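Each chain is listed here by its residues.
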Amino acid sequence: MTYRIAFLPGDGVGPEVANAARQVMEGAARVHNIALSFEEHAFGGAAIDETGDPLPEMTMRAAREADAVFLGAVGGPKWDSAPVRPEAGLLRLRKDLGVFANLRPVVCMRGLEAFSPLKESRVVGLDLLIVRELTGGLYFGAREEGEAHASDRCDYAREDVERVARIAFEAARKRKSRVVSVDKANVLATSRLWRRTVSRLHGEEYEDIDLAHELVDALAMKLVSAPSQFDVILTENLFGDILSDEASALAGSIGLAPSASLGQGRRGLYEPIHGAAPDIAGLDRANPVGAILSGAMLFRRSLGAEAAAASIETAIANVLARGCRTQDFEGSESCSSFTGKVLDVLEDATVEWQ
């Protein structure tokens, strides 16, 4: 069987890190005898330049027909005044694919603790997973925008909360069996619905999981004071967007952070969480680790290829253990040279290089 990957490099550094991930995925596929077919399509600002639409129908059709979708990055100041922004294509893509749960792991890798903005002792062993609801809340509610007044409506139904909570509980069962559900239930009606729904589902199906509730402001404080206490953090769309960026910085660089957006089936959308970084686009300076690890998540979640996923993660850990660093970690490795070393380790465990 050949797995079809819709490949959307996007904008800025997106093509650089996406192609790095593609090389590593193809390397892992060779090692583990997995047949992959990548189909590249325009997306985001690049698609606006070509067609006037950030998500052309051809791109959307390819994503619907694929086994998984891989995305580099979208956006940039070039399109700030465009009638339709590149990010609108990403929201439509998520909605059309039905991916409602965004999984963002945050791991402080061995040897990189000193690069965290926190004391090393606070991030040793940091390994948490943020599960963010992705298709509801303020980002998708009705809005009005005028010169003197604007409003954004936040909507959640019980079913929206229940399906993403189930993914968080299932993920916790494979980790340390702890979930913290984050809301603003002391103020917001949607948060009170969120808390009731999560608590009910926990009592009915997941009593083996340790569940706690936190207000979003308190959770934000605890993330920077004692982040290693957390296992799985479950939250709604806006809070998850903010908290996952905050958490990614704890590992030393947002360039390390991967993500997977999942729905009911096995098909998912995979992307590093960093932006398009247009200031370094084309300079071969971007950190490819977040994109490469997103490829590992693709193997694990959409293809069921655990051995291939683990081999990618091990290769990255080994390259970092040998002292190789990209420029965001005060190193000299370029995006392409770091990727090459990951490939060397992945394809030949006996390789030696300086």
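These numbers were taken from a predicted model, which means no experiment stands behind them. (Residues numbered from 1 in each chain as written. Predicted model: local features only at pLDDT ≥ 70, side-chain atom pairs only at ≥ 80, totals over all residues. Heavy atoms only, no water.)

Peer 1: How should the overall build of the protein be read in this particular structure?
Peer 2: A tally of regular secondary structure across the protein gives 12 helices and 12 strands. Taking 20 Å as the expected radius of gyration for a compact globule of 354 residues, we find that the protein reaches 20 Å, a close match to that expectation. C-alpha extents for the protein along the principal axes are approximately 55 × 50 × 40 Å. Partitioning the intrachain contacts of the protein with sequence separation of at least 6 by distance along the chain shows that 75% fall at a separation of at least 24. In the form shown here, the protein has an accessible surface area of approximately 15200 Å², with 50% of it arising from carbon and sulfur atoms. One finds the centroid of the 39 positive side-chain charges in the protein at a distance of 4 Å from the centroid of its 52 negative side-chain charges. (Helix = DSSP H or I, 4+ residues; strand = E, 2+ residues; numbered from the N terminus. Rg over C-alpha atoms; globule rule 2.2 N^0.38 Å. Contact = heavy atoms within 4.5 Å. Areas by Shrake-Rupley, 256 points an atom, 1.4 Å probe, with all protein chains shown as cover. Lys, Arg positive; Asp, Glu negative; His and termini not counted. Charge placed at Lys NZ, Arg CZ, Asp CG, Glu CD.)

Peer 1: Just to check I follow, could you spell out the nonpolar core for this structure?
Peer 2: Here is a general trend for soluble globular proteins: nonpolar side chains tend to be buried in one another's company. Counting residues in each nonpolar core, the largest one holds 91 residues, and the members touching the most others are Phe70 and Phe299. Look past the residues within four positions of Phe70 in its chain and what remains in contact with it is Ile5, Ala6, Phe7, Leu8, Ala18, Ala21, Met25, Tyr270, Ala291, Ser294, Gly295 and Leu298. If you look at the next biggest cluster of nonpolar residues, it comprises 16 residues, including Ala6, Phe43, Ala63 and Ala66. (Core = buried A, V, L, I, M, F, W, Y, C linked by side-chain atoms within 4.5 Å. Buried < 20%, exposed > 50% of the residue type's maximum accessible area, 1.4 Å probe, protein only.)

Peer 1: Would you mind going over the pattern of salt bridges with me for this structure?
Peer 2: Think of it this way: side chains of opposite charge can pair up when their charged atoms draw near. Throughout the structure, instances matching the rule amount to 29 salt bridges. With its nearest N and O atoms 3.6 Å apart, the salt bridge here joins Arg104 to Asp245. Separated by 141 residues along the polypeptide, Arg104 in strand β4 (residues 101-107) and Asp245 in helix α9 (residues 237-250) bring together distant segments of the chain. According to the relative accessible area criterion, Asp245 is partly exposed, its value standing at 34%. The closest approach of N and O atoms between Glu313 and Arg300, which form a salt bridge, is 2.8 Å. One end of the pair, Glu313, is in helix α11 (residues 306-321); the other, Arg300, is in helix α10 (residues 289-301), and 13 residues separate them in sequence. (Salt bridge = Lys/Arg side-chain N within 4 Å of Asp/Glu carboxyl O.)

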